[in-house]
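Observations on the model geometry
One letter stands for each residue in the lines below.
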Amino acid sequence: MQNMAPLSQDVLTIPRKSLNGPTNLIGLTRTGLRKVLIEAGTPEKQSRMRANQIWQWIYAKGARNFDVMTNLAKPYRANLKNNFVLDVPHVVTKQVSEDGTRKYLVRIEGGHEVEVVYIPEEDRGTLCISSQVGCTLTCSFCHTGTQRLVRNLTSAEIVGQILLARDDLDQWPIPGINTREPRLLSNIVLMGMGEPLYNFDNVRDAMKIAMDPEGICMSRRRITLSTSGVVPEIAKTAEEIGCLLAVSFHATTDEVRDKLVPINKKWNIATLIETLRTYPKLSNSERITFEYVMLKDVNDSDADARRLIKLIQGIPAKINLIPFNEWPGAPYQRSDWQRIRAFSDIVFAAGYASPIRTPRGEDIMAACGQLKSASEKAKKNSIRAKSVTPAQ
Ligand code: SF4
């Protein structure tokens, strides 16, 4: 299978100090923040207090420049300005669907682009964030799988997706008022572009920042990391992040899963299920979500539903049935609604929650990776057009 070896972090991860300039304070852990402040001249004795103040400005108040940090003396702010920046990814385009779904195409260092999707619901709002530019894993139903992997996102770029969404949703507190209700951004899912377990350290640091009570303050139970099945890394999700786990399962035989999720050739269904059975923290209140994309005549039969139940027997689980979001050139079709409901009924009758995900944002190309591809195509067309324009 193509590119299946674990990724070299040296090649794929850009350093904290970018080649082009000062250190970005966003994305550093609390320890990391203290360290760089000391390096830039903050006395060690003061460093904890200063780090706390700056942390709260960034993650509790949404500060994007040092001038607003009025509880820091002016010369200290000037020193911060000379040494550091507060950079989040730049929003290139934002599309808002008729159903309220917002899709952002954001640009990061190096000119690369990734997607972020905000899905509002009646009682909450979920942000789907990306962890890599492109992906190595070539899942055949996934549009992102058609894009080559460029690099891992830094922790700043990962947590920056949350910050920019809060900006757009106007979710920072108003001075003098304690809370901003309702909380429009209440959940985070790492289900965007990339395999988060192949960028574990940056994902972990970014999620620790998101959970910090003096900042974004997201409960660990409101964060879900979705993996295609990187078996050796799965337990670390519970041990080092503590968030919920979802698995892109999608098939009930190795023959079919090898095609849909090719990482299955390395860690097959039996190995994956065994790892999930021993997943730390597994309980009825912290169930594993099995994601199952419904593909017409591929994985959607009654026999599939029954095999699925048998495979996961004994694992506290919820099955999310996802009607396939068709994209141009996709080799699959969405299962009929009747078929999806029949599948759901079988799973439900066996005692598992089996919600059918409502397709969202279909009018704004919500299949993961589509917006980035459209943007790249437009860029190429514009370059081609320029190159054939006769010189004046
Ligand atoms: S489904 Fe996830 S792991 Fe598979 S190709 Fe798409 S982004 Fe990568």
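Rules behind the numbers
- Residue positions within a chain follow its written sequence, with the count starting from 1.
- Two thresholds apply to this predicted model, a pLDDT of at least 70 for residue-level local features and 80 or more for giving and counting side-chain atom pairs, whereas whole-chain, interface and lining totals are computed over all residues.
- Only hydrogens and water are set aside when side-chain values are computed; all heavy atoms of the structure are taken into account.
- Per residue, pLDDT captures the predictor's confidence, and it can take any value from 0 to 100.
- Contact criterion: two residues are considered in contact whenever any of their non-hydrogen atoms come within 4.5 Å of each other.
- The cutoff for a nearby residue is simple: one of its non-hydrogen atoms must lie within 4 Å of the molecule or strand.
- When residue character is reported, Ala, Val, Leu, Ile, Met, Phe, Trp, Tyr, Cys and Pro are called nonpolar, Asp, Glu, Lys and Arg charged, and the others, Gly included, polar.
- Every helix listed is a DSSP run of H or I at least four residues long, and every strand listed is a run of E at least two residues long, numbered separately from the N terminus.
- Each helix should span, by expectation, one fewer than its residue count multiplied by 1.5 Å.
- For each residue, the accessible area found with a 1.4 Å probe, counting protein chains only, is set against the maximum for its type, and the residue is called buried under 20%, exposed over 50%, and partly exposed in between.
- Between Lys or Arg on one side and Asp or Glu on the other, a salt bridge is scored when a side-chain nitrogen of the former is within 4 Å of a carboxyl oxygen of the latter.
- By convention, a stacked pair of Phe, Tyr or Trp rings (six-membered ring in the case of Trp) has centres within 6.5 Å and planes under 30 degrees apart, an edge-to-face pair has planes over 60 apart, and any other such pair is tilted.
- Geometrically, a lysine NZ or arginine CZ counts as sitting over a ring once it is within 6 Å of the ring centre and also within 35 degrees of the ring normal.
- At least two DSSP bridges between two strands are required for those strands to pair.
- Note on geometry: axes are C-alpha line fits, over the in-contact stretch for helices, and angles between N-to-C directions span 0 to 180 degrees.

**What to know about the confidence of the model for the chain**
Put simply, the chain has an average pLDDT of 88, and 86% of its residues get 70 or more. Throughout residues 1-19 the model reports pLDDT below 50, and contacts reaching past four residues in sequence, or to other chains, amount to 40 contacts. Contacts of residues 383-392 to residues separated by more than four positions or lying in other chains number zero contacts, the stretch itself having pLDDT below 50.

**A short note on the site of the ligand**
Taken together, Cys135, Leu137, Thr138, Cys139, Cys142, Thr144, Gly145 and Gly194 form the complete shell of residues around the ligand. Taken together, the residues that form the shell around the ligand break down as four nonpolar, four polar and no charged.

**Overview of the environment of Thr31**
Its place among the elements puts Thr31 in helix α2 (residues 30-39). With 20 residues separating them in the primary sequence, Thr31 and Ala51 have C-alpha atoms 8.7 Å apart.

**With respect to helix α6 (residues 200-211)**
In this model, α6 (12 residues) spans 16 Å end to end at C-alpha, consistent with the 16 Å of a helix rising 1.5 Å per residue. In terms of residue burial, α6 counts as a mostly covered element, since 10 of its 12 residues are buried. Its buried side turned inward, α6 meets α3 (44-59), α5 (155-169), β9 (187-190), β10 (223-227) and α7 (234-241).

**Concerning the pattern of salt bridges**
According to the stated counting rule, one finds 20 salt bridges in the structure shown. The shortest N-O distance in the salt bridge between Glu214 and Arg30 comes to 3.4 Å. Taken as a pair, Glu214 in the loop between α6 and β10 and Arg30 in helix α2 lie far apart in primary sequence, 184 residues in all. Judged by its relative accessible area of 35%, Glu214 falls in the partly exposed class. For Arg30, a relative accessible area of 25% gives the class partly exposed. Here Arg102 and Asp168 are joined by a salt bridge, their closest N and O atoms 2.8 Å apart.

**Brief notes about the packing of aromatic side chains**
In this structure the tally under the stated criterion is four aromatic pairs. A centroid spacing of 4.7 Å and a plane angle of 55° characterise the contact between Trp55 and Tyr59, whose relative ring orientation is tilted. You can see Trp55 and its partner Tyr59 sitting in helix α3, four residues apart, about one turn around the helix. Here the two residues Trp55 and Tyr59 agree in accessibility, since each one is buried. Their ring planes at 85° and their centres at 5.2 Å tell us that Phe249 and Phe290 sit as a pair that is edge-to-face. Separated by 41 residues along the polypeptide, Phe249 in the loop between β11 (244-248) and α8 (254-260) and Phe290 in strand β12 (residues 288-294) bring together distant segments of the chain. Exposure class is identical for Phe249 and Phe290. Each is buried. Here Arg50 stacks its cationic end above the ring of Tyr76, 5.1 Å away from the centre of that ring.

**What to know about the pairing of strand β3 (residues 90-96)**
As judged from the six bridges shared by β3 and strand β4 (residues 102-108), these two strands associate in the antiparallel manner. Within β4, the residue paired with Thr93 across the bridge is Leu105. Between β3 and the antiparallel strand that follows it, β4, lie five residues; Gly100 among them carries a positive phi value of about 95°.

**Overview of the sheet that holds β10**
Pairing within the open sheet is mixed, and its nine strands lie in the order β3-β4-β5-β6-β9-β10-β11-β12-β13. Two strands bound the open sheet, and with one partner strand each, they are β3 and β13 (317-323). Mean inter-strand twist for the sheet, computed between neighbouring axes without regard to direction, equals 20°. Two elements, β11 and β12, share three bridges in a ladder whose sense is parallel. Along β12, the bridge assignment pairs Ser248 with Glu291.

**Some thoughts on the side chain of Asn187**
Positionally, Asn187 belongs in strand β9. Judged by relative accessible area, which is 10%, Asn187 ranks as buried. When neighbours within four sequence positions are excluded, Asn187 is seen to be in contact with Arg124, Gly125, Thr126, Leu127, Met218 and Arg222.

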